[in-house]
Amino acid sequence: MNSLGEILLEVKNLKKYFHVAAGTLHAVDDVSFTLEEGRTLGIVGESGCGKTTLGRTILRLIEPTSGEMVFNGKDLRKLNTSEMRYMRREMQIIFQDPYSSLNPRMTIAETIEEPIFLAGLIPDSDKRFMRVLDLMDTVGLAQRLINTYPHELDGGRRQRVGIARALAMNPKFIVCDEPVSSLDVSIQAQILNLMKTIQRDMGITYLFITHDLSVVNHFSDDIAVMYLGRLVEKAPSEALFQKPLHPYTEALLSAIPVARIHNRHERILLKGELTSPINPEPVCRFAARCNQCMDICTKEEPPLIEARPNHFVACHLHKPMGS
Amino acid sequence: MQATSTARPFTTKKEFYAQFKKKSIAHELWLRFLKNKTAVMGLIIFCIIVAVAITAPWITNYDTVVIKMNIAERLQAPSMNHWFGTDELGRDILARIVYGARVSLVIGISAIFVSLMVGLVLGGAAGYYGGKTDSVIMRGTDVFLCLPDVLLALAIIAAFGNTKLNLTIAIGLAFSPKFSRVVRSAVIGVRDNEYIEAARSIGALDKRIISRHVLPNCIGPIIVQVTLYVANAILTIAALSFLGLGIQPPTPEWGNMLASGRTYMRDFPHIVMAPGLAIFFTILALNLLGDGLRDTLDPRLKH
Amino acid sequence: MDAQQNTLEIKNLTVEYVVDDEVVHAVTGVNITIPAGKTFGLVGETGAGKTTTALSILNLLPLPAGRIVSGEIFVNGQDVFKLSPKQLRAMRGSQVAMVFQDPMSSLNPIKTVGEQIAEGMKIHREVSDKEALRQATNMLEMVGIPGGRVSEYPHQFSGGMKQRVIIAIALACNPELLIADEPTTALDVTIQAQVLKLIKELREKSPMVMLMITHALGIVAEVCDFVGIMYAGRIVECGTLADIFDNLRHPYTRGLFDSLPDIENRRAELKPIPGLIPDPMNLPPGCAFHPRCSYAKPECSRDLPQVRWLSDTHYVSCHLYNETVENML
């Protein structure tokens, strides 16, 4: 993996709250992390953890409530609308649903061309079209498909169109919001391999959002686990899988269905259901379901600490390194 | 970027497009529409009415036949000379029906066109921006929706005078809030799709998003409503003219023909049957057409 | 008389859909046998024909498009296609129950969960309202939901709990056959674990037979005894759990396993199956998998492979095994 080592994205205390009838919904609650250029950070969690909101808030497709996103040294929140639009060339997104992420009335060539046209990168119409063909080659779409409409293509091909669109402006950073979850297993593998190749060839940095742990392990350098809007653990993939520190991560890992009939492990089952993200108490949000819950967990919210080198966790069971 | 693995047979976009043609969505929809027999019937009837309206000056002479009184020939039953008979002033009813079609269609279609434009702007803004914009616009249109079309048109005509233009504007205003609602709900249905977010993420401005991404995907329900509202508009015109507030005699209009024929209805029913049937068939044709369009464009049946 | 009577027997089922004069070969020549107390996992990707197979059992194919061309289905020895509509209705919900994929749309939003569980009971058995409610409360407890929630409405439950309610409804009349179509796909993985545990417990307690439709091999490994791999409307390989997981023979089965990321070995490149799932209106000639198969031979594009029994329990449909039962992969 191309690791240039420079920090490309720094997220500091990012919060996104929604006002709903019942109160304030803490969708993303005080999330901080850094992401180096050329690497992939996987964000995992189940429904309601806020990972999708996080991805969109970082790109300012949703306005954050508070906190900072520093991309390539620039504070994104301080940019005005046209500066932000200019910045978007470097930060793109691949969506989850190949059925609703493409305009049904535009051919795939038109869809891929639009970002190039809007950015004014290639004024000449023919040259621009050649670039569209280049992009289609890169993602493995045949030339003869230029004038097809999304409904004529299957999910895997549509997703390739989405990837081509995201690559059109030569971005440095791509948020991948569950890009393969809607696809069949055999197609998922094709798309993941494609994305890895693109990263290798173009040095792209990915934020890979998913609920599928087996996929994220394969695809990410580091993994961050989210629960009810908070970041509960972050570590390099191998470290997370071999020695998870947070009880939720342990349960999550043990819940992955394994396609094997021998050496199966006992599942750690969680009690109960997700607590509400609306007006949460300042205590550990996982306490109600945790089988290792201590007294302090129901009284204080655990801060995110570095328990091992480069291994962060927000849990009262662990102490910061060196203490 | 990796070298292209496929050879490029052409160098210009035009050549590529000529080789790999676009499949016409319109053509496929047309074929689907044709399978619906009642809808096709509606279309045919409507086309006949339009054709008749357009060729009116060639079919008959306005001054001599349509408005010139001819007392000697009054109240004749349908015959070879006068296919629909003559009215109480001796005028050929068929000729009057033909010219009446012009009036109804021109005013009906222009009025709906006006209200469609207004509806696109208001409904589009309300649906796309939501929030306060939506509330303000919708409460405004709610006020107008409370008023019956006829009363609203009445008020405007009373205030500004009875001309064809005023009539068109009046009906246009009456239908604007209805269109706003239709457009708004269509926009809301489209707005939450991810491709709208995608457009924003590649730097498209609102104007482009609305014109290129939102509206083209809303056309379906809007087109259906256009046909149905044209039918309504024609009915409203007839109602107003019937009450003496729309098109004034001697200009023929199906509504005012009904009004003037009313007194003779019992002994000479043909005078009211003709305009009555004309209205009936026009409305029927438009409704069948509208329903057919709705079925054709139903997204659930797609692909 | 036959003590070993199989609860479900599908013989040579062929189903078509006719859409706008085009014929979709959804299911062709499918054979499935499930003895009492066992679970059969029907595995395949989109368009393989799994749901169509399941709907055929209860004659629930969407009309007018769906058509059963040939084949027989026996539930507990009864020929389903020979039943009168009244007998069929009596069977649905009482002998054979079905759990669908999406819990959101399977529940009636304006009836309490208790009413919905009791509904089946009242249709198929003579029970008073009070008795039905009591049994509904028991069912809820059995699926791990506090009995007091029997008078709550579906929207008051989360996704995982809704799915449990649906399982309770399905089990209310003690069916002999439960058909579960991707029952956990829409659920989070930790909730999925809870529901799978519930399914395993229920299996252990009763002789109920289950047909589990899924695309996830991990789930099959968890709950199934037998596995059938479907591709383009046919079963290409079928056997016990050990047959398929330890001794697979068909190239498509191999491809499915290879497509999965290996938790143990994260660096390994994923080996996807090249190409796309075939269009059911336009299946390739011969073996439908041949355009994507790295073991394809000339006869694969010409002739349909025959079913070859490799052991008492394991069969495969592939030209690689025309001469031999040795593993050719």
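Everything discussed here concerns the structure shown above.
This one's a predicted model, so the numbers in the text were calculated from it and none came from an experiment.

Novice: Quick rundown of the overall build of chain A? Include the residues and the values.
Specialist: A count of helices and strands for chain A gives 9 helices and 12 strands. The C-alpha atoms of chain A give a radius of gyration of 21 Å, which matches the 20 Å a tight globule of 323 residues would have. The 323 residues of chain A split such that 59% are buried. The long-range fraction of contacts in chain A, counting pairs at least 24 apart against all pairs at least 6 apart in sequence, stands at 62%. In chain A, 37 positive and 39 negative side-chain charges are present, and the distance between their average locations comes to 1 Å.

Novice: Would you mind going over the pattern of salt bridges in detail, with residue names and values included?
Specialist: Applying the stated criterion across every chain, the model contains 45 salt bridges over all chains. Arg285(A) is the salt-bridge partner of Asp29(A), the closest N and O atoms lying 2.4 Å from each other. Note that Asp29(A) is positioned in strand β2 (residues 23-36) and Arg285(A) in the loop between α9 (247-255) and β11 (305-308), a separation of 256 residues in sequence. The same class applies to Asp29(A) as to Arg285(A), namely buried. Arg302(C) is the partner of Asp303(C) in a salt bridge, and the nearest nitrogen-oxygen pair spans 3.9 Å. By relative accessible area, which is 36% here, Asp303(C) ends up partly exposed. For Arg302(C), a relative accessible area of 58% translates into the label exposed. Residues participating in the shared-partner salt-bridge network are Asp29(A), Arg230(A), Arg285(A) and Glu301(A).

Novice: Lay out the layout of surface pockets in plain terms, naming residues and giving numbers.
Specialist: Residues and elements named next belong to chain C. Size it by volume and the second largest pocket reaches roughly 600 Å³. In this structure, the second largest pocket is lined by 23 residues; those nearest its centre are Gly93, Met98, Phe100, Ile169 and Ala170. At the level of secondary structure, the elements contributing two or more residues to the lining of the second largest pocket comprise β6 (96-99), α4 (113-124) and α6 (159-171). Element by element, the count of residues in the lining of the second largest pocket is highest for α4, at 5 residues.

Novice: Give a description of the packing of helix α13 (residues 254-261) of chain B against helix α14 (residues 270-297) of chain B that names residues and reports values.
Specialist: All names here are of chain B. α14 packs onto α13 with a crossing angle of 150 degrees between their chain directions and a minimal axis gap of 8 Å. The angle between the axes of α13 and α14 places the two elements in the roughly antiparallel class. Viewed along their axes, α13 and α14 form a crossing whose handedness is left-handed. Residues Trp254, Met257, Leu258 and Gly261 of α13 form the contact with α14, whose own contacting residues are Ile271, Val272, Pro275, Gly276, Ala278, Ile279 and Thr282. Tallied by class, the residues present in the contact of α13 with α14 amount to 8 nonpolar, 3 polar and no charged.

Novice: Can you break down the sheet that holds β11(A) residue by residue, with the values?
Specialist: Sheet strands pair by backbone hydrogen bonding; their relative direction is either parallel or antiparallel. Residues and elements named next belong to chain A. Across the sheet, 8 strands lie side by side as β6-β7-β8-β3-β9-β10-β12-β11; this open sheet has mixed pairing. The two strands at the open ends of the sheet, each matched to only one other strand, are β6 (91-94) and β11. Strand-to-strand twist of the sheet, defined as the mean angle between neighbouring strand axes without regard to direction, takes the value 25 degrees. Pairing of β11 with strand β12 (residues 311-313), which is carried by 3 bridges, proceeds in the antiparallel orientation. Pairing of Glu306 across the sheet is with Phe312, part of β12. Packing against the sheet, helix α1 (residues 51-58) makes contact with β3 (40-44), β6, β7 (173-177), β8 (205-210) and β9 (222-227), and its axis sits at approximately 150 degrees to β8. Where helix α6 (residues 185-202) meets the sheet, it contacts β3, β6, β7 and β8, and its direction lies at approximately 155 degrees from that of β8.

Novice: A description of the interface of chain A and chain C should follow, citing residues and the corresponding values.
Specialist: The interface of chain A with chain C comprises 39 residues on the first partner and 41 residues on the second. Among the residues of chain A in contact with chain C, Val185(A), Ile261(A) and Glu273(A) are the three that bury the most area, contributing 17% of the side total. Seen at the junction of chain A and chain C, the total is 2 salt bridges. In this structure, Glu222(C) and Arg267(A) form a salt bridge, with 2.9 Å as the shortest nitrogen-oxygen distance. At the boundary of chain A and chain C, one finds 13 residue pairs in polar contact (both at pLDDT 80 or more). Only α6, α7 (213-219), α8 (237-242) and α9 of chain A provide two or more residues apiece to the side of chain A that touches chain C. If you tally residues by element for the side of chain A that touches chain C, the top one is α6(A), at 7 residues. The residue makeup of the side of chain A that touches chain C, split by class, is 16 nonpolar, 11 polar and 12 charged.

Novice: Got a sec to walk through the interface of chain B and chain A? Specific residues and values, please.
Specialist: Taken together, the contact pairs 37 residues of chain B with 43 residues of chain A. Of the roughly 3900 Å² buried between chain B and chain A on both sides combined, carbon and sulfur atoms contribute 53%. Scanning the region where chain B abuts chain A turns up 8 salt bridges. With a shortest N-O distance of 3.5 Å, Lys13(B) and Glu113(A) are connected by a salt bridge. One can count 17 residue pairs in polar contact (both at pLDDT 80 or more) joining chain B with chain A. Secondary-structure elements contributing two or more residues to the side of chain B that touches chain A are α1 (13-19), α10 (194-201) and α11 (206-214) of chain B. The dominant element in the side of chain B that touches chain A, judged by the number of residues it contributes, is α10(B), at 6 residues. When the residues that make up the side of chain B that touches chain A are grouped by side-chain class, the tally is 14 nonpolar, 12 polar and 11 charged.

Novice: I'd like a description of the nonpolar core, backed by residues and values.
Specialist: Within soluble globular proteins, side chains that are nonpolar tend to cluster in buried spots. By size, the foremost hydrophobic cluster in this structure holds 67 residues, and its most contacted members are Ile163(A) and Met195(A). Residues Val183(B), Val190(B), Ala231(B) and Ile271(B) belong to the second largest nonpolar core, which totals 63 residues.

Novice: I'd like to hear about the pairing of strand β10 (residues 234-240) of chain C, residue by residue, with values.
Specialist: Residue and element names in this part refer to chain C. When you tally the buried positions in β10, you get 6 out of 7 residues, the bulk of the element. For strand β9 (residues 226-231) and β10, the ladder comprises 6 bridges, and the chain directions are antiparallel. The residue of β10 that forms the bridge with Ile229 is Glu237. Remark: 2 residues form the turn of the hairpin made by β9 and β10, two consecutive strands paired antiparallel; Ala232 in that turn has positive phi of roughly 50 degrees. Of the strand pairs in this sheet, β10 and strand β12 (residues 315-317) are connected by 2 bridges, and their pairing is antiparallel. Residue Glu237 lies in a different strand from β12, and its bridge partner there is Val316.

Novice: Tell me what's going on with a nonpolar patch on the surface, and back it up with residues and numbers.
Specialist: A cluster of nonpolar side chains, Met273(B), Leu277(B), Phe280(B), Phe281(B) and Leu284(B), forms an exposed patch at the surface whose accessible area comes to about 460 Å². Structurally, the position occupied by Phe280(B) is in helix α14.

Novice: Describe unusual backbone geometry, with residues and values.
Specialist: A negative phi angle is the norm for most residues apart from glycine, just as the trans form is the norm for most peptide bonds. A cis amide bond, omega 10 degrees, links Pro249(B) with the succeeding residue Pro250(B). Phi at Asn170(A) is positive, roughly 60 degrees, even though this residue is not glycine. Inspection of the secondary structure assignment puts Asn170(A) in the loop between α5 (155-167) and β7. The exposure class assigned to Asn170(A) is partly exposed, which follows from its relative accessible area of 49%. Even without being glycine, Asn310(A) reaches a positive phi, approximately 65 degrees.

Novice: Describe the environment of Cys173(C), naming the residues involved and giving the relevant values.
Specialist: Along the polypeptide, Cys173(C) turns up in the loop between α6 and β7 (177-181). Sequence-distant contacts of Cys173(C), defined by excluding residues within four places in its chain, comprise Gly93(C), Ser94(C), Gly120(C), Met121(C), His124(C) and Arg125(C).

Novice: Outline α6(A), listing residues and values.
Specialist: Residue and element names in this part refer to chain A. The terminal C-alpha atoms of α6, which comprises 18 residues, lie 26 Å apart, in line with the 26 Å expected from a rise of 1.5 Å per residue. A large share of α6 lies buried, amounting to 14 of its 18 residues. Looking one or two residues beyond α6, the residue adopting positive phi is Gly203, at roughly 65 degrees.

Novice: Give a detailed account of the packing of helix α3 (residues 108-119) of chain A against helix α4 (residues 125-139) of chain A, specifying residues and quantitative values.
Specialist: Residues and elements named next belong to chain A. Running from N to C, α3 and α4 point in directions that differ by 115 degrees, and their axes come no closer than 9 Å. Crossing hand, α3 versus α4: right-handed. Taken together, the residues of α4 that come into contact with α3 (itself represented by Ile108, Ala109, Ile112, Glu113, Ile116 and Phe117) are Arg128, Phe129, Arg131, Val132, Leu135 and Met136. Tallied by class, residues from the contact of α3 with α4 come to 9 nonpolar, no polar and 3 charged.

Novice: Any details on the packing of aromatic side chains? Residues and values, ideally.
Specialist: Counted under the stated rule, the structure contains 19 aromatic pairs over all chains. Measuring from centroid to centroid gives 5.4 Å for Phe129(A) and Phe16(B), while their planes differ by 55 degrees, and the two rings are tilted. Remark: Phe16(B) occurs in helix α1 and Phe129(A) occurs in helix α4; the pair is interchain, linking two chains. The buried category is assigned to Phe16(B), whose relative accessible area is 0%. Geometrically, the ring pair formed by Tyr227(A) and Phe286(A) is edge-to-face, given 5.1 Å between the ring centres and 85 degrees between the ring planes. Placement of Tyr227(A) in strand β9 and of Phe286(A) in the loop between α9 and β11 is noted, with a sequence separation of 59 residues between them. What links up through ring pairs into an aromatic cluster is the set Phe129(A), Phe10(B), Phe16(B) and Tyr17(B). The aromatic ring of Phe18(A) is capped on one face by Lys16(A), whose charged end is 5.1 Å from the ring centroid. Here the guanidinium or amino end of Arg149(C) rests over the ring plane of Phe157(C), the centre of that ring lying 4.2 Å away.

About the cut-offs
The residue count restarts for each chain, going from 1 along the sequence in the order it is written. As a convention, the first chain written is A and the first ligand written is 1, with the rest following in written order. Under the rules for a predicted model, residues below a pLDDT of 70 receive no local features and side-chain atom pairs below 80 are neither given nor counted, while totals for whole chains, interfaces and linings still include all residues. Based on all heavy atoms of the structure, the side-chain values leave hydrogens and waters out of the count. Numbering goes from the N terminus for both helices and strands, where a helix is a DSSP run of H or I of at least four residues and a strand is a run of E of at least two. Throughout, the radius of gyration refers to the C-alpha atoms, and the reference size of a globule is 2.2 Å times the residue count to the power 0.38. Note on exposure labels: buried denotes an accessible area under 20% of the residue type's maximum, exposed denotes more than 50%, and partly exposed covers the range between, all computed with a 1.4 Å probe on protein chains only. Here, two residues are considered to be in contact whenever any of their heavy atoms come within 4.5 Å of each other. Counted as positive: Lys and Arg. Counted as negative: Asp and Glu. His and the chain ends are not counted at all. To locate a charge, take atom NZ for lysine, CZ for arginine, CG for aspartate or CD for glutamate. A pairing counts as a salt bridge when a side-chain nitrogen of Lys or Arg comes within 4 Å of a carboxyl oxygen of Asp or Glu. Cavities and pockets are defined on a 1 Å grid built over the protein atoms alone: a cavity is a set of grid points where a 1.4 Å probe fits but cannot escape, while a pocket is an open set with protein on both sides within 12 Å along at least five of seven lines, and lining residues are those with an atom within 4 Å of any such point. Grid points are joined across faces, edges and corners, and a volume is the space filled by probe spheres set on the points. All axes here are fitted lines through C-alpha atoms, helices being fitted over the stretch that makes contact, and every angle between N-to-C directions spans 0 to 180 degrees. Orientation is classified from the angle alone, with under 35 degrees giving roughly parallel, over 145 giving roughly antiparallel, 65 to 115 giving roughly perpendicular, and any other angle giving oblique. It is the rotation of the near helix from the far one that decides the hand of a crossing: anticlockwise by less than a right angle makes it left-handed, clockwise makes it right-handed. Lys, Arg, Asp and Glu make up the charged group, whereas Ala, Val, Leu, Ile, Met, Phe, Trp, Tyr, Cys and Pro make up the nonpolar group; the residues left over, Gly among them, are polar. If DSSP finds at least two bridges between two strands, the strands pair. The term buried area refers to how much accessible surface (probe radius 1.4 Å) is lost by two components on association, counted for both of them together. Nitrogen and oxygen atoms within 3.5 Å of one another constitute a polar contact, given that in protein one can donate a hydrogen and the other can accept it, and given that sequence-neighbouring residues count only through two side-chain atoms. Think of a nonpolar core as a cluster: buried Ala, Val, Leu, Ile, Met, Phe, Trp, Tyr and Cys residues, connected wherever their side-chain atoms sit within 4.5 Å. A patch is a set of surface residues, each over 30% in relative accessible area and not in a salt bridge, joined within 9 Å for like charges and within 5 Å for the nonpolar side chains Val, Leu, Ile, Met, Phe, Trp and Tyr. Areas reported as accessible are Shrake-Rupley estimates using a 1.4 Å probe. Residue values count occlusion only from the protein chains shown. Multiplying 1.5 Å by the helix residue count minus one yields the expected span of that helix. Stacked, edge-to-face and tilted labels apply to pairs of Phe, Tyr and Trp rings (six-membered ring for Trp) whose centres lie within 6.5 Å, assigned for plane angles under 30 degrees, over 60, and everything in between, in that order. Comment: the charge-over-ring label is applied if NZ (Lys) or CZ (Arg) is within 6 Å of the ring centre and within 35 degrees of the ring normal.

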